[in-house]
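# Examination of the molecular architecture
Each chain, letter by letter, is given below.
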Amino acid sequence: AQSVTQLGSHVSVSEGALVLLRCNYSSSVPPYLFWYVQYPNQGLQLLLKYTSAATLVKGINGFEAEFKKSETSFHLTKPSAHMSDAAEYFCAVSNFGNEKLTFGTGTRLTIIP
Amino acid sequence: ETGVTQSPTHLIKTRGQQVTLRCSSQSGHNTVSWYQQALGQGPQFIFQYYREEENGRGNFPPRFSGLQFPNYSSELNVNALELDDSALYLCASSPGQGPYGYTFGSGTRLTVV
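Read on for a plain summary of the structure.

The rules we used
- Residues numbered from 1 in each chain as written.
- Chains lettered and ligands numbered in written order.
- Predicted model: local features only at pLDDT ≥ 70, side-chain atom pairs only at ≥ 80, totals over all residues.
- Heavy atoms only, no water.
- Phe/Tyr/Trp six-rings, centres within 6.5 Å; stacked < 30°, edge-to-face > 60°.
- Helix = DSSP H or I, 4+ residues; strand = E, 2+ residues; numbered from the N terminus.
- Buried < 20%, exposed > 50% of the residue type's maximum accessible area, 1.4 Å probe, protein only.
- Contact = heavy atoms within 4.5 Å.
- Polar contact = N/O pair within 3.5 Å; in protein donor to acceptor, adjacent residues only side chain to side chain.

### Some details on the packing of aromatic side chains
Here the structure, examined in full by the defined rule, presents 14 aromatic pairs over all chains. Consider the rings of Phe-103 of chain A and Tyr-35 of chain B, whose centres lie 5.7 Å apart with planes at 90 degrees: the pair is edge-to-face. Here Phe-103 of chain A, found in strand E11 (residues 98-103), pairs with Tyr-35 of chain B, found in strand E4 (residues 31-37), and the two come from separate chains. By relative accessible area, which is 7% here, Phe-103 of chain A ends up buried. With a centroid separation of 5.5 Å and 85 degrees between ring planes, the pair formed by Phe-47 of chain B and Tyr-49 of chain B is classed as edge-to-face. Assessed through its relative accessible area of 6%, Tyr-49 of chain B is described here as buried. One aromatic cluster is present, built from ring pairs that chain together Phe-34, Tyr-36, Phe-90 and Phe-103 of chain A together with Tyr-35, Phe-45 and Phe-104 of chain B.

### Here's the deal with the side chain of Thr-108 of chain B
For Thr-108 of chain B, the location among the structural elements is in strand E11 (residues 108-112). Those residues in contact with Thr-108 of chain B, other than ones at most four positions away along the chain, are Gln-6, Ser-7, Pro-8, Thr-9, Leu-21, Ala-87, Leu-88 and Tyr-89 of chain B.

### Focus on the environment of Ser-86 of chain B
All names here are of chain B. On the secondary structure map, Ser-86 appears in the loop between strand E8 (74-78) and strand E9 (87-94). Taking relative accessible area as the criterion, Ser-86 reaches 27% and is therefore assigned partly exposed. Residues Ser-86 and Leu-11, 75 residues apart in the sequence, show an inter-C-alpha distance of 9.8 Å. Every residue in contact with Ser-86, bar those within four places of it in the chain, is listed here: Leu-110, Thr-111 and Val-112. At 3.0 Å, the side chain of Ser-86 and the backbone oxygen of Leu-83 are in polar contact.

So this is what it looks like as structure tokens:
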């Protein structure tokens, strides 16, 4: 069984400030981990993914995430928030042989001007 | 390359009716998955098709069924609609079995009244 917990359903940061969105996972086998972003009335766009290579993963739009096995975490960060980053962010887990994605409940990111 | 396209974008149905949602996968992608996203929730896996065969199913009743065609496009059928079926239905495709990350369509918003 696999699951994802996203701490904080709503996060607000000032424009230019650090963005940190938290994700913890549970998986009985080595996981694949993903971050997706969803803008209003749209589908999901892949930001980045971890597939057992480098533990620090860089994605699009300046986002990155670090896989920490000891903490079962895969937090998403961005050094400087931009107004266009306001959206819903989902962390998801899958694993080899079971590629269905199990999503967290999402974190809504608001950027304060 | 074209992405994942879904039709229709919005749909209103009456309880007890049947509905068919359609999805064209991204060029070169042979794997299609369907997800249900209720308001304020993360997407939930319905099922996956790989080379026209069902390849995994989530915790959804048999009245949710699907097809994948030789061109890898797909349909989701829902019979005996219930009010709780109101949701955004997302189709996602990938180039095969593995941690590729999925390309999502913009979804079909189904409202059951």
